[in-house]
Amino acid sequence: MNVLFVTNNISVPGNGICSSVNTTASNLRKKGVDVQFLSGLSSDPNAPVPMFALEKFHFPIFQPIIDANGFSYARLTGKTIREAIEWADILHVSEPLFLQEKAIRLAEKAGKPIVGTFHLYTQNILNEIPGASWGWTNDILMKMWKKTIFDHCAAVQCPTEVVRKLLEKYAFKSRLVVISNGTDIASERVVAQKPQTDPYIILNIGRYANVKSQMTLLEAMKYSRHSTEIQIVLAGTGVNYRKLEKEGERLVSRGVLKYKPELGFKDKEQIKAVASKAYLYVHCAKLEVEGLGCIEAVREGCVPLIGSGEYIGTTDFALDDRSVYPGGDAKALAEKIDWWIEHPEEREDAGQRYADFSRKFAIGKSIDSLIEMYRSVLDR
């Protein structure tokens, strides 16, 4: 089975789609599936080169904003796209963008089946453009994605039930299949360590972008009774780095925090090391299709606090209300943080429960479900 992933770039650090498609591809290969990428080249000369490589497309005026937000677009070279489609048995589109639209049109002419994954909300695009995100603009863009991309797919992978319900609301024609993107889970059971409490490490993973709302966690420190005992770790990279750094410095100078927040990109091993010591994982994003950073934390026995909202699929990971707070509400978040700090025995018990729960999202289970989806489409 030859599966062609169509994605704009596979080598942008901190980009969730890049991380997801690379993890999925490598694990599909372990199951004997031949997976290749139709993708743009990276600016990094040391990055892997896709089998079907496209030049990077540079947008006039907007390119610095695109780069700062961890996105990249490929140039639409028809010859390369046709060669990739000729090689493929099935196309798997990872984004609802220009490259995917062109690949879909050519694949349909060639009689090749198409599936997709819903990785992005419309707001993920529009919220980063000043003045562009209103209810009606999001609605129009969603309908465009439906018409030009997803209604051409025989099946669409929905990483969470929240996503499936949204696509049903928009009457998507494709078969909607709930399959987590999955993450690497050790074969042996993780025994959650008693978390370090000097200081209490609170971890957040995600791009430094407005939509990820890390500022909510920093704001919560103003209301916490234990703020001077807390070390915040914001693992990521992005356009809001300096903004977050300055706010952290301001909280230290005012005596709200004793420990300066730690910022910067961390690879998988570094995430694992921090998560195994962290007391809590706080998820602040206003929008999240799935949020596997949360699972990467809880698989090490870290207890999550997840902001709730209509477009936050990560709430599927909460085992009870103690792990949920109203999204964007810094005071409510502070109350939950304080409760967990003041109830260490409950925190220790919950850490093991979450470590065990995370096994449900092992990448192997997701890959088996994806292969089943591919076969059902090819057999039609």
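Before reading further, recall that the structure is shown in the block above.
In this report, the structure presented in the accompanying data block is examined. (Residues numbered from 1 in each chain as written. Predicted model: local features only at pLDDT ≥ 70, side-chain atom pairs only at ≥ 80, totals over all residues. Heavy atoms only, no water.)

## Some points on the packing of aromatic side chains
Part 1: Scanning the entire structure with this criterion turns up 13 aromatic pairs.
Part 2: Ring geometry for Trp-339 against Trp-340: centres 5.0 Å apart, planes inclined by 85°, an arrangement best described as edge-to-face.
Part 3: Ring geometry for Tyr-354 against Phe-357: centres 6.4 Å apart, planes inclined by 85°, an arrangement best described as edge-to-face. In this pair, Tyr-354 and Phe-357 both sit in helix H13 (residues 344–357), three residues apart, roughly one turn of the helix. (Phe/Tyr/Trp six-rings, centres within 6.5 Å; stacked < 30°, edge-to-face > 60°. Helix = DSSP H or I, 4+ residues; strand = E, 2+ residues; numbered from the N terminus.)

## Thoughts on the pairing of strand S14 (residues 303–308)
Part 1: For S14, the buried fraction is high: five of the six residues fall into the buried class.
Part 2: For strand S13 (residues 280–283) and S14, the ladder comprises four bridges, and the chain directions are parallel. Each residue of the ladder has a partner; that of Tyr-281, found in S14, is Pro-304.
Part 3: Between S13 and its parallel partner S14, the chain crosses via helix H11 (residues 292–298), and the hand of that crossover is right-handed. (Buried < 20%, exposed > 50% of the residue type's maximum accessible area, 1.4 Å probe, protein only. Pairing = 2+ DSSP bridges. Right-handed = clockwise from strand over helix to strand, strands pointing away.)

## Describing the nonpolar core
Part 1: Core analysis: the biggest nonpolar cluster contains 68 residues, and Leu-4, Leu-38, Leu-91, Phe-118, Leu-167 and Tyr-374 have the highest contact counts within it.
Part 2: If one sorts the elements of this core by residue count, helix H14 (residues 363–378) sits on top with seven residues.
Part 3: Non-local contacts of Tyr-374, meaning those with residues more than four positions away in its chain, are made with Met-1, Val-3, Phe-5, Leu-28, Ile-90, His-92 and Val-115. (Core = buried A, V, L, I, M, F, W, Y, C linked by side-chain atoms within 4.5 Å. Contact = heavy atoms within 4.5 Å.)

## Thoughts on the pattern of salt bridges
Part 1: Applying the stated rule across the entire model yields 21 salt bridges.
Part 2: The residue Arg-164 makes a salt bridge to Glu-161 at a minimum N-O spacing of 2.2 Å. Here Arg-164 and its partner Glu-161 are both found in helix H7 (residues 161–169), three residues apart, which amounts to about one turn of the helix.
Part 3: Each member of the salt-bridge network shares a partner with another, and the members are Glu-219, Lys-222, Glu-247 and Arg-250. (Salt bridge = Lys/Arg side-chain N within 4 Å of Asp/Glu carboxyl O.)

## A short note on the sheet that holds strand S7 (residues 114–117)
One key point about sheets: their strands pair by backbone hydrogen bonds, in either a parallel or an antiparallel sense.
Part 1: With parallel pairing, the seven strands of this open sheet are ordered in space as S3-S2-S1-S6-S7-S8-S9. Of all the strands in the sheet, the pair left with one neighbour each is strand S3 (52–54) and strand S9 (175–178). Geometrically, the sheet is characterised by an average inter-axis angle of 20° between neighbouring strands, direction not taken into account.
Part 2: Taken strand by strand, H7 contacts strand S8 (155–158) and S9, and its axis lies near 165° from that of S9. (Axes fitted to C-alpha atoms, helices over the stretch in contact; angles between N-to-C directions.)

## Quick look at the sheet that holds strand S12 (residues 262–264)
Part 1: Across the sheet, which stays open at both edges, the six strands sit in the order S12-S11-S10-S13-S14-S15 with parallel pairing between neighbours. The open sheet has two edge strands, S12 and strand S15 (324–326), and neither has a second partner. With strand direction ignored, the average angle separating the axes of adjacent strands in the sheet is 20°.
Part 2: Relative to S13, strand S10 (residues 200–205) is paired through two bridges, and the arrangement is parallel.

## Some details on the packing of helix H1 (residues 16–30) against H14
When two helices pack together, their arrangement is captured by the angle between the axes and the distance separating the axes.
Part 1: Across the interface, H1 lies against H14 with an axial gap of 10 Å and an inter-helix angle of 75°. With respect to H14, the element H1 is oriented roughly perpendicular. In this structure, H1 uses Thr-23, Thr-24, Asn-27 and Leu-28 to contact H14, whose residues at the interface are Ile-363, Ile-367, Leu-370, Ile-371 and Tyr-374.
Part 2: For the contact of H1 with H14, the per-class residue count stands at six nonpolar, three polar and no charged. (Parallel < 35°, antiparallel > 145°, perpendicular 65-115°, else oblique. Nonpolar A, V, L, I, M, F, W, Y, C, P; charged D, E, K, R; others polar.)

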